[in-house]
Amino acid sequence: MVNMYKKTKKSADAAFERLTKYVFRGIISRYVAIRGDSMLGVKKDKVVLCEYDPAWKQIAADTIVELKNVLGTFAVDIQHVGSTAIPGMICVPVIDIAVGVRFLEDVNKFIPELAGIGVYHVPGKDNARRIFFCRGDIENRIVTHNIHFVEHMDERWQGFINFRRYTSCHADFREEYI
C-alpha cells in the first residue's frame, strides 16, 4: 500500500487544511484522520480520508450482485456512486451505492431480506426522497457501505450519477471537493 504522507505529502497537507476549515465551522465535529494505507470502513463518529483503492470497484460490484439477488426487478438500476467510485480521489473509505426503484414506499417490504445479507435499515437517516441502509460491522459500529434507495431518475438519483460523472472527468474539482 502507498503511504500518502511520503508519496503526496503536499496534497495530503492541502487536503487536511481544507478539511480542518470545516471542522472549525462545526460541520465535522468528530475526530479526523488521514490515512495512506488501503482500507474500507469507518468507525462511527470518525472521519478518515485515504487514497483511492481499486479493490473498491470489485467490492461494490459484488455488493450490487447481492442486492440484485434480493431485490430482483424491484431495483430498476443499482450504481456505485460517491467518492469511492472515482479513481484517484482521496475519500472517506465507505462505499456508496444508489438503488433506483420505481416506488420508494415499497422498499420496506425488503427490510428483512436485506438484513439477511447484512444490509441494515437506518430509519433515523431516512427522508422523504431517500431510504437509507448501511452495511458493516454493526456490533463494533464500523460502516463499510452506505446504501441509498431513491426513486429511479428523480433529482436525487440524477445527483448521484452526475456527481460521479463530473468528478471522474475533472481533476481540479476532485482536489477542491476534498
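Residues numbered from 1 in each chain as written. Predicted model: local features only at pLDDT ≥ 70, side-chain atom pairs only at ≥ 80, totals over all residues. Heavy atoms only, no water.

Enquirer: Help me understand unusual backbone geometry in this model?
Expert: Most peptide bonds are trans, and most residues other than glycine sit at a negative phi. Even without being a glycine, R141 presents a positive backbone phi close to 60°. Relative to the helices and strands, R141 is located in the loop between strand 7 (131–137) and strand 8 (142–151). Backbone geometry places M153, a non-glycine residue, at a positive phi of 70°. Mapped onto the elements of the fold, M153 is located in the loop between strand 8 and helix 5 (155–169). The class for M153 is exposed, based on a relative accessible area of 51%. (Helix = DSSP H or I, 4+ residues; strand = E, 2+ residues; numbered from the N terminus. Buried < 20%, exposed > 50% of the residue type's maximum accessible area, 1.4 Å probe, protein only.)

Enquirer: Which parts of the structure should I look at to understand the pairing of strand 5 (residues 95–101)?
Expert: For a regular strand, the rule is simple: side chains alternate between the two faces of the sheet. Among the seven residues in strand 5, seven count as buried, and that is most of the element. The alternating pattern of strand 5 places I95, I97, V99 and V101 on one face and D96, A98 and G100 on the opposite face, and all of these are buried. Relative to strand 8, strand 5 runs parallel, the two sharing seven bridges. Directly across from V101, in strand 8, lies its bridge partner E151. (Pairing = 2+ DSSP bridges.)

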